[in-house]
Amino acid sequence: MLKGLQTGFGAPVDPLTLRAVKGFGYAMVRIEAQDCTAEEAGRLAADALEADLTPLVIVRQPDQTHRLPSGSHVELLNEPDLNGPSPLEYRQLADVFALSVRESFPLWGPTISNLNPRGFAYLRAVWPLPDRF
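Residues numbered from 1 in each chain as written. Predicted model: local features only at pLDDT ≥ 70, side-chain atom pairs only at ≥ 80, totals over all residues. Heavy atoms only, no water.

S.K.: Would you mind showing me how to read the pattern of salt bridges here?
M.R.: Pairing is possible between side chains that carry opposite charge, provided their charged atoms lie close to one another. Applying the stated criterion across every chain yields a total of 6 salt bridges. The shortest N-O distance in the salt bridge between Lys22 and Asp52 comes to 3.5 Å. Remark: Asp52 occurs in the loop between helix H2 (38-50) and strand E3 (54-59) and Lys22 occurs in helix H1 (residues 15-23); sequence separation between them is 30 residues. A relative accessible area of 31% means that Lys22 is categorised as partly exposed. For Asp52, a relative accessible area of 55% corresponds to the exposed category. When the shortest N-O distance is used, the salt bridge between Glu39 and Arg67 registers 3.4 Å. Of this pair, Glu39 sits in helix H2 while Arg67 is found in the loop between E3 and strand E4 (73-76), placing the two residues 28 residues apart along the sequence. (Salt bridge = Lys/Arg side-chain N within 4 Å of Asp/Glu carboxyl O. Helix = DSSP H or I, 4+ residues; strand = E, 2+ residues; numbered from the N terminus. Buried < 20%, exposed > 50% of the residue type's maximum accessible area, 1.4 Å probe, protein only.)

Below, the structure written as structure tokens:
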């Protein structure tokens, strides 16, 4: 398991700050890039890698991954249980997305907003989950 921290929310993070994040024992940074171009997402991920952090880049579409450096991880959407799409649409998008990026990047998701009945219901509608963890 990688210990990670959400950073930047789509804005660049100063290299000194990223090195400080690494110094606090984090191995991964989660980068909000849903509204970024492929070039912007690539720069954010490269900055994290330069600080010896694994970038987990949140994107909306496969074409946003075209400039991500090797070593990046990808998350498809953030909190789709709040913002959509429906579980069925998410599953269809994830299937297509996985085919397009599977050779290049580990794929994460969906990330739900909370571990509550609504969030678990969304996850169970996307993929089968055990009743207990």
